[in-house]
Amino acid sequence: MTNKNGIIALTIVIALISVYNLSFTFVSRNFKSKAVAYATDAKGEVDVTKKQHYIDSLWREEVYLGHTLQEVTERELNLGLDLQGGMHVVLEVAPADILKGMAGGNARSVAFQNALKKAGEDKSANNSTFINRFVSAYKEAAPNTSLASVFATSANRGKINSNSPDSDVIKMLKTEIDGSIDRAFQITQARIDKFGVTNPNIQRLPGQNRVLVELPGVDNPERVRRLLSGAAKLEFAEVYLTNELGAGLEGLGRYLTQQAEIEKAAKKTSAPAAAVSTDTTKKPTDGGLAAQLEKKADSTATDSAALAAQSAALTSLFVPMPQGLGVYLKDTARASEILRRPEVRSLFPADLVFMWDRKGTEAGGNQLILPLYFIKKSNGEAAMEGDVIVDATHDYDDRGRPEVTMRMNGEGARKWRSLTARSVGRPVAIIIDNLVYTAPTVQGEIPNGNSSITGSFTVEETKDMSNVLKAGKLPAPTHIVEEAVVGSSLGAEAINDGLWSSAVGLLIVLVFMVAYYNQAGWIADIALLINLFFLLGVMASLGAVLTLSGIAGIVLSIGMAVDANVLIYESIKTELAEGKPFAQSIRDGFKHSLTAIIDSNVTTLLTGIILYTFGTGLVLGFATTLVLGLLTSLFSAIFITRLLLEQKLKNGKTFAFTNTLTKGWFQDNHFDFVSQRRRFYIISAIIIAIGVGSFIFKGFGLGIDFKGGRSYVVRFENNVDADALRANMDEVLGSTTEVKTFGGQDQVKITTPYLIEDTTPEADQKAETKIIEATKKIANNPAKIVSSNKVGPTMAKDTLWSAVYAVLLALAANFVYILIRFKRVAFSYGAVMSLAHDVVIILAIFSLFNGWLPWSLDIDQAFIGAILTMIGYSMNDTVVIYDRIRDYLADEKSRGQNLSTVINNALNSTLSRTAVTGISVILVLIVLMIFGGAVIRGFTFCMLLGVIVGTYSSLFVAAPIVVDLLQRSQKNEPAPAVATDAAAAATKKVKA
């Protein structure tokens, strides 16, 4: 083995990196366990606020190898929503709403409304496509009208005018739509900060007017819906200066001193918390300990020691800052709670509102200070709101410094003049959703509504600020087009199911390898375990999220990793059978199997990349672990296995690759695949014909991913009659409802189109209320919703087309790769035809047996993921067979044999590898079916069918098609690539 020392060094480096990255997971979990223990009372109940306070107190503290708890948490191997509960939301900014805002009063015209309606009929995720459809529809409705006549309003002054050509207007509309989506992303990001969620995932979906939000651990979906939906609220308000609030701040210091003494006295007397008056909603009673302390504090208010104590109490929580006060991030929860207390509020003016800055300020020592502003709001209203903003842009001032310019309408200019006149030399806060984005100091009265905001800004900051100022300009609220809620209890069950399926699946594979390959099986097992360790380490280092489907991907990748070891071992066995020395057999076995390993894994890798590109949710989690698992398994099989084998040889040991039971398995097979091909063509054709009939007359059960709707997993205390519940649902909802058992007789999955067109949060709450109302009609059997999912019609259609593109792209990618590697179109046609055969047969089974089996056979994203995985596996199998056919066609021993004989021999020689790999993967998938849980059972069933059908098609469809096509091409060639027996004999006679 060349570069052996380099491989050993690389292995050690990968191992150390894996250990290092995985260690963050253990440290983070340890601190979370400590937080739970700290917040658990004598009754075993966890105080969520207390738990969060514990975590906040350490959030910016160094806890491990110079890393803060925040950094440790961010680097842990994160669990997906399906394993810990939480909420997944896809928000959409509707281009139609933006166009209405841009058109102003012109949007009321009949031509405009008809064009919007027509453009929206074909739902699309692509903004430019929507604009092109709108323009086309508008030109059709008003052929002699320019776009400038519609959009050249006062709001768009400076960008276009009444004489602007349509191309300039279209460019402006596209720019505004992109900007609106950027604003939606920024506002969403700021809103998410309010939740205090650990490791939220917020990203703008590429090429779409959508924002993806994942919130692990969120247990209040209604609050999330209300906060994420709707337009942002932009406000301009005056700010109280610190020196204007001296009495209030002095009183706050006195109050904090009093509270500290109360807590100190309570600890001294060892009194239980309930015995000391700390009720923040009532005044302390006369004669009580608190009252005595309060009188004492009042009588000594002028005492210098008391003043010092008050100042110390105030600065122990609040930090003086230029704009007012700040609070260390770890103390913000406590500070917010104190500032909400009535006795604290009474110390300050009635029109004062406490608001936090959107961003913190670094304070050294890994500490972050969050500025606190004292905002002036009369009767809860700010001085002016953001709907007066006409435009805002980022620019440079006369000194070349980044600045933000904004322009207001007439009403806004009047209010802005008044506000700036009374705020000269004072800050004015720019607020979105009750968070202060910036508070620039007013330099002078601004009479015309045109302003510039300067400061020590970066270009990116001015871009963000201009986007923020434009957030109140257009009526472009975000709508939830897809939503999934997973309860924490269901997440805990998913973890249990996932761990069981992983452990049992891995154990079965390890035992099978030893049973089949004897001592060599132990070496393969060690390589598989190292592969698993490397996979988890790579996932942790890349920040990947581990989901339930990801666990399925890990288990399946282990099963498929067996394939590389099997190819190597079967090649070594062939070399040994030819009488080569043991060491040489190992070297030649690795050498001769490398091509098949690379080819087979590349095809699966292509499919995994397509899954990753097009997939979301369950499919994305599966694709991530599958792709990473393929890469780590290749390294483990090619290098780790060889290092272990050669180490054995170095010690002068040989070992068996078979045992007494398995020694003769799949040896000297003479099955005639080729002559039977027409029989198998007929069998496949009959199944496909039956399937097509089922497609036409029965159809498919489409999941909400593809048809839109709402689905709920509802758990009852006792077993429930699905038919009776369906009747109740139809009665309450007034629409056809689908009710299926889901993972047990006490749990059902309810699917309904009820209020799916309504995107308001109220519709979501109303739907859930109706579901619970219908379940209550089942007497003496309480129920609760453990998870929910919603997909709007727009999202459903986009998802369907993405799925179609993914399948077609997978077929095309594999066709091209096979053509490049095998140089003959016959191989590409055979591979793609067998893949199409597999897809149709799987679809036929799902259509025929839908409603007959006790798990979901819906066609949804999970099904598409399984289909693509099946394509990868089937292609893996086919490529190995093709590789062997290519070797046999080029082998001198095949000279003089006809094409059918050569291919039959090649197929028979691969039976051992096909059987061992197939059995390993099938065993793993059966384990997933049993232990993996209801969520992925349909997904696993599809893959199980795919492995069986894929193995069948590789032997009885893909290879025979190659035979037919090669024979046809030989008839048209003057000199066949492979001579027949008769032709070979004639050649010899001529030479003689």
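Colleague: Explain the overall build of the chain residue by residue, including any values.
Modeller: Along the chain, the regular secondary structure elements total 33 helices and 24 strands. In the chain, which comprises 992 residues, the proportion classed as buried is 52%. Counting only carbon and sulfur atoms, one obtains 57% of the accessible surface of the chain, whose full area is about 44,200 Å².

Colleague: I'd like to hear about the confidence of the model for the chain, residue by residue, with values.
Modeller: Put simply, the chain has an average pLDDT of 78, and 84% of its residues get 70 or more. In this model residues 270-302 is a low-confidence stretch, pLDDT under 50, and it forms 30 contacts with partners more than four residues away in sequence or in other chains. This model gives residues 975-992 a pLDDT under 50, and the stretch forms 17 contacts once residues within four places in sequence are excluded.

Colleague: Account for the environment of Ile 930, naming residues and giving values.
Modeller: Tracing the backbone shows Ile 930 in helix 31 (residues 911-931). Through-space distance from the C-alpha of Ile 930 to that of Thr 940 is 9.8 Å; in sequence the pair is 10 residues apart.

Colleague: Any details on the packing of aromatic side chains? Residues and values, ideally.
Modeller: Each aromatic ring pair is described using two quantities: the centre-to-centre distance and the angle formed by the ring planes. Scanning the model with the defined rule gives 27 aromatic pairs in all. On the basis of an interplanar angle of 25° and a centroid distance of 6.0 Å, the ring pair of Phe 134 and Tyr 138 is categorised as stacked. Here Phe 134 pairs with Tyr 138, and both are found in helix 7 (residues 127-141), just four residues apart, close to one helical turn. Across the pair, exposure class does not vary: Phe 134 and Tyr 138 are buried alike. Considering the side-chain rings of Phe 680 and Tyr 952, the 6.1 Å spacing of their centres and the 70° angle between planes classify their relative orientation as edge-to-face. A residue pair is termed long-range when its members are at least 10 positions apart, and Phe 680 in helix 23 (residues 677-697) and Tyr 952 in helix 32 (residues 937-971) qualify at 272 residues. We classify Phe 680 as buried; its relative accessible area is 14%. Members of the aromatic cluster, each reached through a chain of ring pairs, are Phe 112, Phe 134, Tyr 138 and Phe 151.

Colleague: Mind laying out the pairing of strand 19 (residues 478-486), listing which residues take part and the relevant values?
Modeller: Burial analysis of strand 19 places eight of its nine residues in the buried class, which makes it a mostly covered element. Judged from the five bridges that link them, strand 19 and strand 24 (residues 783-791) form a sheet pairing that is antiparallel. Counted as the bridge partner of Val 485 is Ser 788 from strand 24.

Colleague: Requested: an account of the sheet that holds strand 4 (residues 86-93), with residues and values cited.
Modeller: Paired through their backbone hydrogen bonds, the strands of a sheet run either parallel or antiparallel. Read across the open sheet, the eight strands follow the order 5-6-4-19-24-21-23-22; overall the sheet is antiparallel. A single partner strand is all that each edge strand has here, and the edge strands are strand 5 (201-204) and strand 22 (738-741). For this sheet the average axis-to-axis angle between neighbouring strands, irrespective of direction, equals 20°. As paired elements, strand 5 and strand 6 (residues 210-216) share four bridges and run antiparallel to each other. The residue bridging Gln 203 from the neighbouring strand is Leu 212, located in strand 6.

Colleague: Talk me through unusual backbone geometry; I want residue IDs and the actual numbers.
Modeller: Positive phi values are uncommon outside glycine, yet Asn 518 reaches one of about 60°. Of note, Asn 518 is situated in the loop between helix 18 (488-517) and helix 19 (519-542). Positioned with a positive phi, Asn 780 is a non-glycine residue whose angle comes to about 55°.

Colleague: An account of the nonpolar core is needed here, citing residue identities and associated values.
Modeller: One finds Ile 842, Phe 846, Ile 867, Ile 871, Tyr 882 and Ile 885 to be the most contacted residues of the largest nonpolar core, which totals 68 residues. Looking at this core, the elements that each hand over two or more residues are helix 21 (582-614), helix 22 (618-650), helix 27 (793-822), helix 28 (825-848), helix 29 (861-890), helix 30 (899-909), helix 31 and helix 32. Look past the residues within four positions of Phe 846 in its chain and what remains in contact with it is Leu 857, Asp 858, Ile 859, Phe 863, Gly 938, Phe 941, Cys 942 and Leu 945. Formed by 46 residues, the second largest nonpolar core is a distinct cluster that contains Leu 510, Ala 561, Ile 568 and Ile 638.

Colleague: Break down the pattern of salt bridges for me, with residues and values.
Modeller: Tallied over the entire structure, the rule returns 23 salt bridges. For Glu 244, the salt bridge is made with Arg 426, and the minimal N-O distance between the two is 2.6 Å. Taken together, the residues span a long stretch of sequence, with Glu 244 in the loop between strand 7 (234-239) and helix 11 (246-268) and Arg 426 in the loop between helix 16 (410-421) and strand 16 (428-432) at a distance of 182 residues. On the basis of relative accessible area, Arg 426 is assigned to the buried category, the value being 16%. Residue Lys 790 is joined to Asp 764 by a salt bridge in which the shortest nitrogen-to-oxygen separation is 3.2 Å. Separated by 26 residues along the polypeptide, Lys 790 in strand 24 and Asp 764 in helix 26 (residues 761-775) bring together distant segments of the chain.

Colleague: Describe the sheet that holds strand 14 (residues 389-396), and please don't skip the residues or the numbers.
Modeller: Strand order in the open sheet formed by three strands is 14-15-18, and the pairing between neighbours is antiparallel. Each of the sheet's edge strands pairs with one partner strand only, and the pair in question is strand 14 and strand 18 (450-453). Adjacent strand axes in the sheet meet at a mean angle of 20° when their direction is disregarded. The pairing of strand 14 with strand 15 (residues 402-408) spans seven bridges and is classified as antiparallel. Looking at strand 15, one finds that Ala 392 is bridged to Met 406.

Colleague: Now, about the packing of helix 23 against helix 28: what can you tell me, with residues and values included?
Modeller: Any two packed helices are characterised by the angle at which their axes cross and by the distance between the axes. Across the interface, helix 23 lies against helix 28 with an axial gap of 8 Å and an inter-helix angle of 50°. On the basis of the axis angle, helix 23 is oblique to helix 28. Helix-helix and strand crossings are classified by hand; for helix 23 and helix 28 the assignment is left-handed. Only His 837, Val 840, Ile 841, Leu 843, Ala 844, Ser 847 and Leu 848 of helix 28 make contact with helix 23, whose side of the interface consists of Ser 684, Ile 687, Ile 688, Ile 690, Gly 691, Ser 694 and Phe 695. For the contact of helix 23 with helix 28, the per-class residue count stands at nine nonpolar, five polar and no charged.

Colleague: Go over the side chain of Lys 573 with me, naming the residues and quoting the values.
Modeller: Relative to the helices and strands, Lys 573 resides in helix 20 (residues 548-577). When residues no more than four places from it in sequence are discounted, the contact partners of Lys 573 are Tyr 516, Tyr 517, Phe 657, Thr 658 and Ser 912.

Colleague: Mind laying out a nonpolar patch on the surface, listing which residues take part and the relevant values?
Modeller: Judged by side-chain polarity, Ile 682, Ile 686, Ile 690, Leu 848, Phe 849 and Trp 852 come together as a nonpolar surface patch covering roughly 650 Å² of accessible area. In terms of residues, the nonpolar patch owes the most to one element, helix 23, which gives three residues. Note on placement: Leu 848 falls in helix 28. Assessed through its relative accessible area of 33%, Leu 848 is described here as partly exposed.

Colleague: An account of helix 28 is needed here, citing residue identities and associated values.
Modeller: Given 3.6 residues per helical turn, the α-helix brings residues three or four places apart onto the same face. With 24 residues, helix 28 extends 34 Å between its outermost C-alpha atoms, agreeing within 8% with the 34 Å of an ideal straight helix rising 1.5 Å per residue. Here helix 28 lies mainly inside the structure; 17 of its 24 residues are buried.

Colleague: Mind laying out the packing of helix 28 against helix 29, listing which residues take part and the relevant values?
Modeller: In contact at an axis separation of 10 Å, helix 28 and helix 29 are set at 145° when each is read in the N-to-C sense. Crossing hand, helix 28 versus helix 29: right-handed. Along its contact with helix 28, which presents Phe 827, Gly 830, Ala 831, Ser 834, Leu 835, Asp 838, Val 839, Ile 842, Leu 843 and Phe 846, the element helix 29 presents Phe 863, Ile 867, Met 870, Ile 871, Ser 874, Met 875, Thr 878, Tyr 882 and Ile 885. For the contact of helix 28 with helix 29, a count of residues per class yields 14 nonpolar, four polar and one charged.

Colleague: If you had to explain the environment of Arg 417 to someone new, which residues and values would you point to?
Modeller: Tracing the backbone shows Arg 417 in helix 16. C-alpha of Arg 417 to C-alpha of Gly 449: the two residues are 32 residues apart in sequence and 7.1 Å apart in space. Those residues in contact with Arg 417 that sit more than four places away from it in its chain are Glu 445, Ile 446 and Pro 447.

Colleague: I'd like a description of the environment of Asp 563, backed by residues and values.
Modeller: Here Asp 563 shows up in helix 20. Separated by 350 residues in the primary sequence, Asp 563 and Arg 913 place their C-alpha atoms 7.5 Å from one another. Beyond its immediate stretch of four places on either side in the chain, Asp 563 contacts Ser 600, Asn 876, Arg 913 and Thr 917.

Cut-offs applied
Every chain begins its residue count from 1, and numbering advances along the sequence as written. Given that the model is predicted, a residue must reach a pLDDT of at least 70 before its local features are reported, and side-chain atom pairs must reach 80 or more before they are shown or counted; all residues, however, enter totals for whole chains, interfaces and linings. With hydrogens and water set aside, each side-chain value is computed from the structure's full complement of heavy atoms. Strands are runs of DSSP state E lasting at least two residues, helices are runs of H or I lasting at least four, and both sets are numbered from the N terminus onward. Accessibility here uses a 1.4 Å probe with only protein chains present; expressed as a share of the type maximum, an area under 20% marks a residue as buried, one over 50% as exposed, and anything in between as partly exposed. Per-residue and other accessible areas were derived by the Shrake-Rupley procedure at a 1.4 Å probe size, with only the shown protein chains allowed to occlude residues. Each residue carries a pLDDT score, the predictor's own confidence in it, on a scale running from 0 to 100. Two residues qualify as a contact provided that any one of their heavy atoms is within 4.5 Å of a heavy atom in the partner residue. Aromatic rings from Phe, Tyr and Trp, taking only the six-membered ring of Trp, are treated as a pair when their centres fall within 6.5 Å; an angle between ring planes under 30 degrees marks them as stacked, one over 60 as edge-to-face, and anything in between as tilted. When DSSP locates at least two bridges between a pair of strands, those strands are taken to pair. Interaxial angles span 0 to 180 degrees and are taken between N-to-C directions of axes, which are lines fitted to C-alpha atoms, for helices over the stretch in contact. Nonpolar cores are built from buried Ala, Val, Leu, Ile, Met, Phe, Trp, Tyr and Cys residues. Side-chain atoms within 4.5 Å join them into one set. Any carboxyl oxygen of Asp or Glu that lies within 4 Å of a side-chain nitrogen of Lys or Arg is treated as forming a salt bridge with it. Put simply, angles under 35 degrees are roughly parallel, angles over 145 are roughly antiparallel, angles from 65 to 115 are roughly perpendicular, and the rest are oblique. Here a crossing is taken to be left-handed if its near helix is turned anticlockwise relative to the far helix by less than a right angle, and right-handed if that turn runs clockwise. Each residue receives one of three labels: charged for Asp, Glu, Lys and Arg, nonpolar for Ala, Val, Leu, Ile, Met, Phe, Trp, Tyr, Cys and Pro, and polar for the others, Gly being one of them. For patches, a residue must show more than 30% relative accessible area and have no salt bridge; joins then use 9 Å for like charges and 5 Å for nonpolar side chains, namely Val, Leu, Ile, Met, Phe, Trp and Tyr. Multiplying 1.5 Å by the residue count of a helix minus one yields the expected span of that helix.

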